[in-house]
Structures are given as C-alpha cells and as structure tokens.
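# Reading the structure
Now for the letters of each chain:
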Amino acid sequence: MQPIGYWLNRTDLALTTTMNTMLAESGLTRLTWQVLNAIEADQQATDSTVHSTLTANASPAELADAITAVLADSWAVRPAAQHLALTEDGRARLARVGERVAAFREDSVAGISPEEYRTAVGVLERMTLNLESGQGR
C-alpha cells in the first residue's frame, strides 16, 4: 500500500491534468477556473481575497498569472483598483463550463458512495488541521 502523500499527489495531478484538458477548449485551466469561481463568489473580490481563498491551490506568482489571464481574456474586469468582477461574457462562459465541470465531478466519484466521499474529505481535513496546528511532529 502506498502512503497517503503518494495518493494525495497523484490525485491532485490527475484532477489538474484532466480538468486542464477538459477546460482547454474554453481557454481555461483548473486554476483560472478556480479564480473565476472565487471572483463570482465574492461581490467585493480583490486580488488579496482571491489569493487568500486559493492559497492552498497555487503559489502567489501562479495566482497572479491566473488573475492576469482572466483579465486578458475578458472573463473579468477591474471595476476599481485591485478589485475584480466577472464580465457578462465571463458569467455566461463560466455557467457553460460549469455543466462540463459537473459531469467531470460525477465521473471522478464513480463507484464512491456519498458517505465514503464525506469520510475521505473529513479524514483529510482532520489530518491537515493536525499538521497546521503543530500537532504533527
């Protein structure tokens, strides 16, 4: 049996690779899609709030590049300095991509019961909190 770190890394790589392939036809990556979702979820989104929301997903430089990409592709705009908002086209395109992401999520949990999924996420959450609180040695 491989250790948990092996499966965490392999799962994240599989998620990223599969999502990047699926989203490429829409001009997105997993990270730019996550940035768009962070902007959509926060009507007062700023670069800082996007960075703090997605800090576990990428480095600050990668997040800055992803923000630059969604602005350059007109998925988002800056209504004020350091603020971010989706464009109408960005909202519509994100909704269309959402249908594909929903299918991807369904495929990724095939054969996994909702209870198994909740257990897996709960274990990972507890493990992370143990390590972040200094209980890991």
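Residues numbered from 1 in each chain as written. Predicted model: local features only at pLDDT ≥ 70, side-chain atom pairs only at ≥ 80, totals over all residues. Heavy atoms only, no water.

## Details of the layout of surface pockets
Which parts of space are left empty comes out when a probe the size of a water molecule is rolled across the atoms. Its boundaries defined by the atoms lining it, the largest pocket holds a volume of some 1500 Å³. Together, 32 residues line the largest pocket, and T11, D12, L15, R30 and Y117 are the ones closest to its centre. Within the residue set of the lining of the largest pocket, elements represented by two or more residues are α1 (4-24), α2 (30-41), α5 (88-108) and α6 (114-132). With 12 residues, the top contributor of residues to the lining of the largest pocket is α1. A class-by-class count of the residues in the lining of the largest pocket yields 17 nonpolar, 10 polar and 5 charged. (1 Å grid on protein atoms, 1.4 Å probe; cavity = no way out; pocket = protein on both sides within 12 Å on 5 of 7 lines; lining within 4 Å. Points joined across faces, edges and corners; volume = space filled by probe spheres on them. Helix = DSSP H or I, 4+ residues; strand = E, 2+ residues; numbered from the N terminus. Nonpolar A, V, L, I, M, F, W, Y, C, P; charged D, E, K, R; others polar.)

## With respect to the side chain of T87
Looking at the element boundaries, T87 is found in the loop between β2 (85-86) and α5. Of note is the side chain of T87, whose polar atom sits 2.9 Å from the backbone oxygen of S74. In this structure T87 touches S74, W75, A76 and V77, once residues within four positions along its chain are discounted. (Polar contact = N/O pair within 3.5 Å; in protein donor to acceptor, adjacent residues only side chain to side chain. Contact = heavy atoms within 4.5 Å.)

## So, the nonpolar core
Membership of the largest hydrophobic core comes to 26 residues, with the highest contact counts inside it found for L23, W33, V35, I39 and V50. Listed by contribution, the elements that provide at least two residues to this core are α1, α2, α4 (60-72) and α5. (Core = buried A, V, L, I, M, F, W, Y, C linked by side-chain atoms within 4.5 Å. Buried < 20%, exposed > 50% of the residue type's maximum accessible area, 1.4 Å probe, protein only.)

## A short note on the environment of V109
Tracing the chain through its elements places V109 in the loop between α5 and α6. V109 gets classed as partly exposed once you look at its relative accessible area, which sits at 29%. Separated by 107 residues in the primary sequence, V109 and Q2 place their C-alpha atoms 20 Å from one another.

## Some thoughts on the side chain of T46
Residue position: T46 is located in the loop between α2 and α3 (47-53). In this structure T46 comes out as buried when scored by relative accessible area, which is 16%. Setting aside its immediate chain neighbours within four residues, T46 contacts Q82, H83 and L84.

## Thoughts on the pattern of salt bridges
Scanning the model with the defined rule gives 5 salt bridges in all. R78 is the partner of D47 in a salt bridge, and the nearest nitrogen-oxygen pair spans 2.7 Å. Highlighted residues: D47 in helix α3 and R78 in the loop between β1 (76-77) and β2, separated in sequence by 31 residues. Among the residues examined, D47 registers a relative accessible area of 13% and is labelled buried. Classification of R78 by relative accessible area gives partly exposed; the value is 35%. (Salt bridge = Lys/Arg side-chain N within 4 Å of Asp/Glu carboxyl O.)

## So, the packing of aromatic side chains
For the coordinates displayed, the defined rule picks out 1 aromatic pair. Ring centres of Y6 and W7 lie 4.9 Å apart, and the angle between their planes is 85 degrees; on these two criteria the pair is classed as edge-to-face. For Y6, a relative accessible area of 33% translates into the label partly exposed. (Phe/Tyr/Trp six-rings, centres within 6.5 Å; stacked < 30°, edge-to-face > 60°.)

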